Amino acid sequence: MSDDARDLAEAQRQHWQNTYTAHPGMYGEKPSAPAIHAAQVFHTAGATDVLELGAGHGRDALYFAREGFTVQATDFSPTGLEQLKQAAHDQGVAERVTTAVHDVREPLPLPDASVDAVFAHMLLCMALSTKEIHALVGDIRRVVRPGGTFVYTVRHTGDAHYGAGTAHGDDIYEHGGFAVHFFPRHLVDSLADGWTLDEVHAFEEGDLPRRLWRVTQTLPR
């Protein structure tokens with residue numbers, strides 16, 4: 001990682017820490033639409049345990065737990081995860097939720113073929129280089145059991161903020177303090193190498209609105 005990339009990564013870590021501290025539970029308690037979709041996919045596939053990457057304060061992780069899944073939730077913000085743990089306790093699902101502070105630029109702290117499903121809502125489009133994204137998805141493939149499912153969402157190059165704000169190279173632009181890696185379609189296709197690409201669904205979220213893809217892919221048995 002270059003010095004510039006390292007500085008950006010640390011700045012983003014601190015920005016998220018500050019944001020969660022200033023705005024506890026900032027995304028509310030209702031699950032995201034992609035999480036509702038993912039739970040249906042995971043149930044259909046017979047999954048019992050879910051790994052969520054970039055769980056934040058936990059609105060989706062807690063929804064998965066309420067749906068009966070065992071959930072491992074990771075984020076690089078200790079503040080967000082503390083809020084998640086408290087909410088899990090308050091909602092009576094603490095026994096089904098574990099948390100770990102983790103930066104996805106590092107290998108996942110899990111054994112090979114140890115989870116049924118992985119969910120990541122806008123985690124892959126954070127301030128990660130294309131190389132780091134490929135490494136992460138390769139590691140996700142390592143920890144998913146054969147037949148397991150990976151559902152993720154990313155903002156794409158058709159988004160209104162693409163090309164706006166501070167450019168950091170590699171399709172990464174910073175706007176309002178948040179750095180985003182906007183995905184071209186060929187990146188989605190390349191990340192499906194070794195998987196079955198089940199769906200690339202375009203949708204919108206928020207007031208701008210943000211334009212995203214919801215990607216569902218399955219590891220062959």
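Below is a short write-up of the structure.

Each value, and the rule that gives it
Residues numbered from 1 in each chain as written. Predicted model: local features only at pLDDT ≥ 70, side-chain atom pairs only at ≥ 80, totals over all residues. Heavy atoms only, no water. Helix = DSSP H or I, 4+ residues; strand = E, 2+ residues; numbered from the N terminus. Buried < 20%, exposed > 50% of the residue type's maximum accessible area, 1.4 Å probe, protein only. Contact = heavy atoms within 4.5 Å. Areas by Shrake-Rupley, 256 points an atom, 1.4 Å probe, with all protein chains shown as cover. Polar contact = N/O pair within 3.5 Å; in protein donor to acceptor, adjacent residues only side chain to side chain. Phe/Tyr/Trp six-rings, centres within 6.5 Å; stacked < 30°, edge-to-face > 60°. Salt bridge = Lys/Arg side-chain N within 4 Å of Asp/Glu carboxyl O. Core = buried A, V, L, I, M, F, W, Y, C linked by side-chain atoms within 4.5 Å. Pairing = 2+ DSSP bridges. Axes fitted to C-alpha atoms, helices over the stretch in contact; angles between N-to-C directions. Right-handed = clockwise from strand over helix to strand, strands pointing away.

1. A word on the overall build of the chain
Logical step 1: For the chain, the helix and strand inventory stands at 6 helices and 10 strands.
Logical step 2: Relative to its full complement of 221 residues, the chain shows a buried share of 49%.
Logical step 3: Of the contacts formed within the chain by residues at least 6 apart in sequence, a portion of 71% connects residues at least 24 apart.
Logical step 4: When the accessible area of the chain is evaluated, it comes to approximately 10,000 Å², of which 51% is carbon and sulfur surface.

2. As for the side chain of His161
Logical step 1: Position of His161 among the secondary structure elements: in the loop between strand S5 (144-155) and strand S6 (166-169).
Logical step 2: At a separation of 3.2 Å, a polar atom in the side chain of His161 contacts the side chain of Arg155.

3. Looking at the packing of aromatic side chains
Logical step 1: Applying the stated rule across the entire model yields 10 aromatic pairs.
Logical step 2: The interplanar angle of 80 degrees and the centroid separation of 5.2 Å between the aromatic rings of Phe64 and Phe119 together place this pair among those described as edge-to-face. Taken as a pair, Phe64 in helix H3 (residues 59-66) and Phe119 in strand S4 (residues 115-121) lie far apart in primary sequence, 55 residues in all.
Logical step 3: Three or more aromatic residues joined by ring pairs make a cluster, and in this case those are Phe42, Tyr63, Phe64, Phe69 and Phe119.

4. Quick notes on the environment of Thr99
Logical step 1: Position of Thr99 among the secondary structure elements: in strand S3 (residues 97-101).
Logical step 2: For Thr99, a relative accessible area of 28% translates into the label partly exposed.
Logical step 3: Each C-alpha atom, one on Thr99 and one on Thr74, is 5.7 Å from the other, the two residues being 25 residues apart in sequence.
Logical step 4: Those residues in contact with Thr99, other than ones at most four positions away along the chain, are Ala73, Leu81, Leu84 and Lys85.

5. What to know about the pattern of salt bridges
Logical step 1: Under the defined criterion, the tally for this structure stands at 13 salt bridges.
Logical step 2: The residue Glu132 makes a salt bridge to Arg105 at a minimum N-O spacing of 3.9 Å. With Glu132 in helix H5 (residues 130-143) and Arg105 in the loop between S3 and S4, the pair connects residues that are 27 residues apart, well separated along the chain. With respect to burial, Glu132 and Arg105 carry one shared label: buried.
Logical step 3: With a closest N to O distance of 2.9 Å, Asp159 and Arg155 form a salt bridge.
Logical step 4: For Arg155, a relative accessible area of 9% corresponds to the buried category.
Logical step 5: Among the charged side chains, a network of salt bridges with common partners joins Asp49, Asp116 and Arg145.

6. Considerations on the nonpolar core
Logical step 1: Of all hydrophobic cores here, the largest spans 35 residues; its most connected members are Leu53, Leu124, Ile140, Phe150, Tyr152 and Phe183.
Logical step 2: At the level of elements, strand S1 (49-53), S4, H5, S5, helix H6 (185-191) and strand S10 (210-218) are the ones that each hand at least two residues to this core.
Logical step 3: Top element by residues in this core is H5. It accounts for 5 residues.
Logical step 4: Sequence-distant contacts of Leu124, that is, excluding residues within four places in its chain, are made with Ile133, Leu136, Val137, Phe150, Tyr152, Val154, Phe183 and Leu191.
Logical step 5: Counting 24 residues, the second largest nonpolar core, distinct from the first, contains Ala38, Leu84, Val93 and Val151.

7. What to know about the sheet that holds S10
Logical step 1: Pairing in this open sheet of 7 strands is mixed, and the strands run S3-S2-S1-S4-S5-S10-S9 from one edge to the other. The open sheet has two edge strands with one neighbour each: S3 and strand S9 (196-205). This sheet shows a mean twist of 15 degrees between the axes of neighbouring strands, independent of strand direction.
Logical step 2: In this structure, strand S2 (residues 70-75) lies alongside S3, joined through 5 bridges in parallel fashion. If you follow Ala73 over to S3, its bridge partner there is Thr99.

8. Some words on the sheet that holds strand S7 (residues 172-175)
Logical step 1: In space, the 3 strands of this open sheet follow the order S6-S7-S8, with antiparallel pairing throughout. Either end of the sheet is taken by a strand with one partner, and the two such strands are S6 and strand S8 (178-181). Taking the axes of each pair of neighbouring strands and ignoring which way they run, one obtains an average angle of 25 degrees across the sheet.

9. Things to note about the pairing of S2
Logical step 1: Note: S1 against S2, 5 bridges, orientation parallel. Pairing of Val50 across the sheet is with Val71, part of S2.
Logical step 2: Between the parallel pair S1 and S2, the chain is carried across by H3, and the sense of this crossover is right-handed.

Keep in mind these numbers describe shape, not what the thing actually does.
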